[in-house]
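Residue-level listing of the chains:
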Amino acid sequence: MSSSSETAATQATWTPDRPIVSIHGVHKRFGDFEVLRGVTFDVMKGDVVCVIGPSGSGKSTLLRCINALVPIDEGSIQVAGQEVHDPKLDKLALRKKVGMVFQQYNLFPHKTALQNVMMAPIQVLKQDKAEVRERALKLMKKVRLNGKEDAYPGELSGGQQQRVAIARSLAMNPDVMLFDEVTAALDPETVKEVLVTIRDLAEEGMTCMLVTHEMGFAREIADMMYFTDNGVIVESGPPKEFFANPRDARTKEFLGQIL
Amino acid sequence: MRAAGERLYGTTDLPVLLPPGERLLRRASRERTDGVPRLTLKAWHGAVIAAVVLLAAAAAQAQGAAEARPGVLTALWKWVPLLVEGFLFNIAISFLGMGIGTALGTVLGVMQISLLPPVRAGSWIVTQFFRNAPWLVLLFFCMFLLPFEFRVMGFVVPFPDWVKATLGLSLPVMANVSEIVRGAVQSIPSGQWEAAESLAFSRRQTLVQIILPQCIKRMLPPWMNLYAILTMATVLASVVGVSEVMTLTQRVLSAESRPELLVPFYGFVLLLFFMYCYPIARFTHKLELRYVVKL
Ligand SMILES: Nc1ncnc2c1ncn2[C@@H]1O[C@H](COP(=O)(O)OP(=O)(O)OP(=O)(O)O)[C@@H](O)[C@H]1O
Ligand SMILES: [Mg+2]
């Protein structure tokens, strides 16, 4: 696709008035099965974007493509000007800009909550340990887990683990945060504490992309809604319109099932 | 989406909670990565050995008394220091062999999960070759292929038989450790890799900081089992003339030239090995139970 010189040019010219994440004509195949079939949309800095859609429609795959956990076959994804679809991609540089939170938390079980948060800045960014520690303590406070610093993941509830995972991603100071169904594995009471954390983040101006089944929450915080089905974006729009009068039949059916 | 079975049974590491087919699969995969049989030493095994030694000693005593020779226990007592010394040599060989084998095997095991196909294939072949070759054959190879001394920069480094034997024994250990490492790394959920990758950890950092530390718990039981097996295998070195406990026992017996001493003496050697390996086997079993429940 794009040559490296073009990449360098776009990288040099990225300014805050351009989309921080720009997805264009993305195709992704697993063998014969085409999971993404031409996805295009932009995310501006500070925006909160929610992606919804039926199971298997490629939502997780789309998020994984953005931080190059899976390579794309066609199209272009630019994160702060850096092209992801590039054989010479500096994956580590890209991933420093993109934080990701998973459904299964994926905390490192052999480290305490605080160590989980401190690990990447120290090992990857080579930052000063004392500074990182101070910042990590603040982050633990921010996700309302002060006092749990020395607990191991196994000793924390699902909701608490997920908030540690959010703090762990934030410790890298990412430009964009990706949330992949982060409340799907939680019981209804603990869902709220995680959603509150995400809302706080969104209100502070963090760019967020959420895949979620929490429609009410999406309607509250999203700037844009995207509905995917079979690897394409079927419908999009600001949440008020999107939920009030969905136009596409598939969207209607999906919302009808959930609402 | 979760598989149907997963939803019905939940995710668990406690084998008893799994559907029967899955349970068998787990066991098969554990035995595959173990490579060597799992020692299931019981206390009564030791009691049987002790009883045999005592009975044989009593019989020999009776026979000896008829021929007016010194008592069996007196004879045994005379040689115990030498036999124990020989046994300590076996332990030394096992320590050294385990150390070398573990160091090489860890490297080999990590190579088995390399992203480079030639490295992966090469290390796989080496692992499979040394894992499936008879230990005694490997021992003989090392005995006869390695020189008795090395010349390094003008120095002559002697290479005695027992060192060669230790190297020979460390080869199968290496291969089995390699497989234990590979199995443990692959048993870590892929979510750990993804989380580390998304935090911009390099593959090497991920392996060293995140994956391998979590593997140690899973590797410890099969590794200790391997050690117990190696300890018992050190007697193979007697075949190539290393003066360990079996060789010494043979020499002592031929010096005494009293056939009735054969069973008590070899029984005593057996008892030494049992007393050393039994606690290891018990501890391995306990660790394993604990991890199965805790994970
Ligand atoms: N590594 C892979 N190899 C092969 N197929 C894959 C892989 N990852 C995902 N898929 C397939 O791609 C399709 C889309 O998967 P994806 O996880 O993106 O869906 P999703 O929209 O996130 O669904 P859910 O709501 O269930 O999480 C699924 O059919 C899945 O089986
Ligand atoms: Mg998904």
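Residues numbered from 1 in each chain as written. Chains lettered and ligands numbered in written order. Predicted model: local features only at pLDDT ≥ 70, side-chain atom pairs only at ≥ 80, totals over all residues. Heavy atoms only, no water.

Undergrad: Is there a simple way to explain the sheet that holds strand β4 (residues 74-79) of chain A in this structure?
TA: Each strand in a sheet pairs with its neighbour through backbone hydrogen bonds, running either in the same direction (parallel) or in the opposite one (antiparallel). All names here are of chain A. Ordered in space as β2-β1-β4-β5, the 4 strands form an open sheet in which the pairing is antiparallel. Single-partner strands in this sheet number two, and they are β2 (33-43) and β5 (82-83). Across 5 bridges, strand β1 (residues 21-30) lies against β4 in antiparallel orientation. Within β4, the residue paired with Ile 23 across the bridge is Ile 77. Across the sheet, helix α2 (residues 59-66) is in contact with β1, β2 and β4; its angle to β2 comes to roughly 60 degrees. (Pairing = 2+ DSSP bridges. Helix = DSSP H or I, 4+ residues; strand = E, 2+ residues; numbered from the N terminus. Contact = heavy atoms within 4.5 Å. Axes fitted to C-alpha atoms, helices over the stretch in contact; angles between N-to-C directions.)

Undergrad: Even after reading the chapter, I still don't get the packing of helix α7 (residues 161-187) of chain B against helix α9 (residues 203-233) of chain B, so can you show me in this structure?
TA: A pair of packed helices is characterised by two quantities: the angle between their axes and the separation of those axes. Residue and element names in this part refer to chain B. Packing of α7 against α9 brings their axes to within 9 Å, and their N-to-C directions diverge by 150 degrees. Compared by their axis directions, α7 and α9 come out roughly antiparallel. For α7 against α9, the interelement crossing comes out right-handed. The residues of α9 that touch α7, namely those facing Leu 169, Val 173, Asn 176, Val 177, Ile 180, Val 181, Ala 184, Val 185 and Ser 187, are Ile 211, Leu 212, Cys 215, Arg 218, Met 219, Pro 222, Trp 223, Leu 226, Leu 230 and Ala 233. Of the residues assigned to the contact of α7 with α9, the class counts are 16 nonpolar, 2 polar and 1 charged. (Parallel < 35°, antiparallel > 145°, perpendicular 65-115°, else oblique. Left-handed = near helix turned anticlockwise from the far one by under 90°. Nonpolar A, V, L, I, M, F, W, Y, C, P; charged D, E, K, R; others polar.)

Undergrad: How do you make sense of the UniProt feature "domain: ABC transporter" (unreviewed entry) in chain A when you look at a structure like this?
TA: This chain's UniProt record puts "domain: ABC transporter" (unreviewed entry) on residues 21-255 of chain A. From the first C-alpha to the last, residues 21-255 of chain A spans 27 Å; its make-up is 38% helix and 26% strand. (UniProt positions renumbered as here; feature names shortened; annotations may be inferred.)

Undergrad: Before we go on, may I ask you to explain the side chain of Thr 231 of chain B in this structure?
TA: Inspection of the secondary structure assignment puts Thr 231 of chain B in helix α9. Within polar-contact distance, the side chain of Thr 231 of chain B engages the backbone oxygen of Tyr 227 of chain B at 2.8 Å. (Polar contact = N/O pair within 3.5 Å; in protein donor to acceptor, adjacent residues only side chain to side chain.)

Undergrad: Whenever I open this one, the site of ligand 1 confuses me. Can you help?
TA: Around ligand 1, the surrounding shell holds 13 residues, and the nearest of these are Ser 55, Gly 56, Lys 59, Ser 60 and Thr 61 of chain A. Neighbouring residues of ligand 1 are not confined to one chain but are distributed across chains A and B. One of the backbone N or O atoms of Gly 56 of chain A is found 2.8 Å from an oxygen atom in ligand 1. Here an oxygen atom of ligand 1 and a side-chain polar atom of Thr 61 of chain A are 2.5 Å apart. Compared with its free state, where it exposes 630 Å², ligand 1 has 60% of that area covered by protein. Contributing elements (two or more residues each) for the shell around ligand 1: β2 and α2 of chain A. With 3 residues, the top contributor of residues to the shell around ligand 1 is α2 of chain A. For the shell around ligand 1, the per-class residue count stands at 5 nonpolar, 6 polar and 2 charged. (Near = heavy atom within 4 Å. Areas by Shrake-Rupley, 256 points an atom, 1.4 Å probe, with all protein chains shown as cover.)

Undergrad: How do you make sense of the sheet that holds strand β7 (residues 176-180) of chain A when you look at a structure like this?
TA: All names here are of chain A. A sheet is described by the order of its strands in space; here 6 strands give the open sequence β6-β7-β8-β3-β9-β10, paired in mixed fashion. A single partner strand is all that each edge strand has here, and the edge strands are β6 (98-101) and β10 (232-237). Looking at each pair of strands side by side, their axes are set apart by 20 degrees on average, direction ignored. Relative to β10, strand β9 (residues 224-229) runs antiparallel, the two sharing 5 bridges.

Undergrad: Whenever I open this one, the confidence of the model for chain A confuses me. Can you help?
TA: Low-pLDDT stretches of the model should not have their predicted coordinates read in fine detail. Residue and element names in this part refer to chain A. Across chain A, pLDDT averages 91, with 94% of residues at or above 70. Element-level pLDDT for chain A is lowest in helix α1 (residues 4-13), with a mean of 50, against a maximum mean of 97 in helix α4 (residues 113-123). Predicted confidence is poor over residues 1-9, with pLDDT under 50, and the contacts of this stretch with residues over four places away or in other chains come to 9 contacts. (pLDDT = per-residue confidence, 0-100.)

Undergrad: I tried to follow the confidence of the model for chain B on my own but got confused; where do I start?
TA: Residues and elements named next belong to chain B. In this model, chain B carries a mean pLDDT of 87, and residues with pLDDT of at least 70 account for 93%. Of all the helices and strands in chain B, helix α1 (residues 4-9) carries the lowest mean pLDDT, 49, while helix α5 (residues 117-132) carries the highest, 96. The low-confidence segment residues 1-6, where pLDDT is below 50, has 5 contacts with residues more than four positions distant or belonging to other chains. Interface predicted TM-score (ipTM) for the complex: 0.90; the corresponding pTM is 0.84.

Undergrad: Teacher, can you tell me more about the nonpolar core here?
TA: For soluble globular proteins, the rule of thumb is that nonpolar side chains tend to be buried together. Counting 105 residues, the largest nonpolar core has Ile 23, Phe 41, Ile 66, Ile 77 and Met 209 of chain A as its most contacted members. Broken down by element, the residue count for this core peaks at 13 residues, all from α9 of chain B. Apart from the residues within four sequence positions on either side, Ile 66 of chain A is in contact with Val 21, Ile 23, Ile 77, Val 79, Val 84, Leu 94, Leu 178 and Met 209 of chain A. Counting residues in hydrophobic clusters, the runner-up holds 49 residues, among them Tyr 105, Ala 113, Val 117 and Ala 218 of chain A. (Core = buried A, V, L, I, M, F, W, Y, C linked by side-chain atoms within 4.5 Å. Buried < 20%, exposed > 50% of the residue type's maximum accessible area, 1.4 Å probe, protein only.)

Undergrad: Help me out: how do you make sense of the pattern of salt bridges in this one?
TA: A side chain of one charge can pair with a side chain of the opposite charge if their charged atoms are brought near each other. All names here are of chain A. If you walk through the whole model with that rule in mind, you get 15 salt bridges over all chains. For Glu 74, the salt bridge identified is with Arg 29, shortest N-O distance 3.5 Å. In this pair, Glu 74 sits in strand β4 while Arg 29 sits in strand β1, placing the two residues 45 residues apart along the sequence. On the basis of relative accessibility, which here comes to 32%, the residue Arg 29 falls in the partly exposed class. Close ionic contact of Arg 199 with Asp 200 constitutes a salt bridge, the shortest N to O distance being 3.8 Å. Judged by its relative accessible area of 36%, Arg 199 falls in the partly exposed class. Three or more residues are tied together by salt bridges with common partners; here these are Arg 144, Arg 199, Asp 200 and Glu 203. (Salt bridge = Lys/Arg side-chain N within 4 Å of Asp/Glu carboxyl O.)

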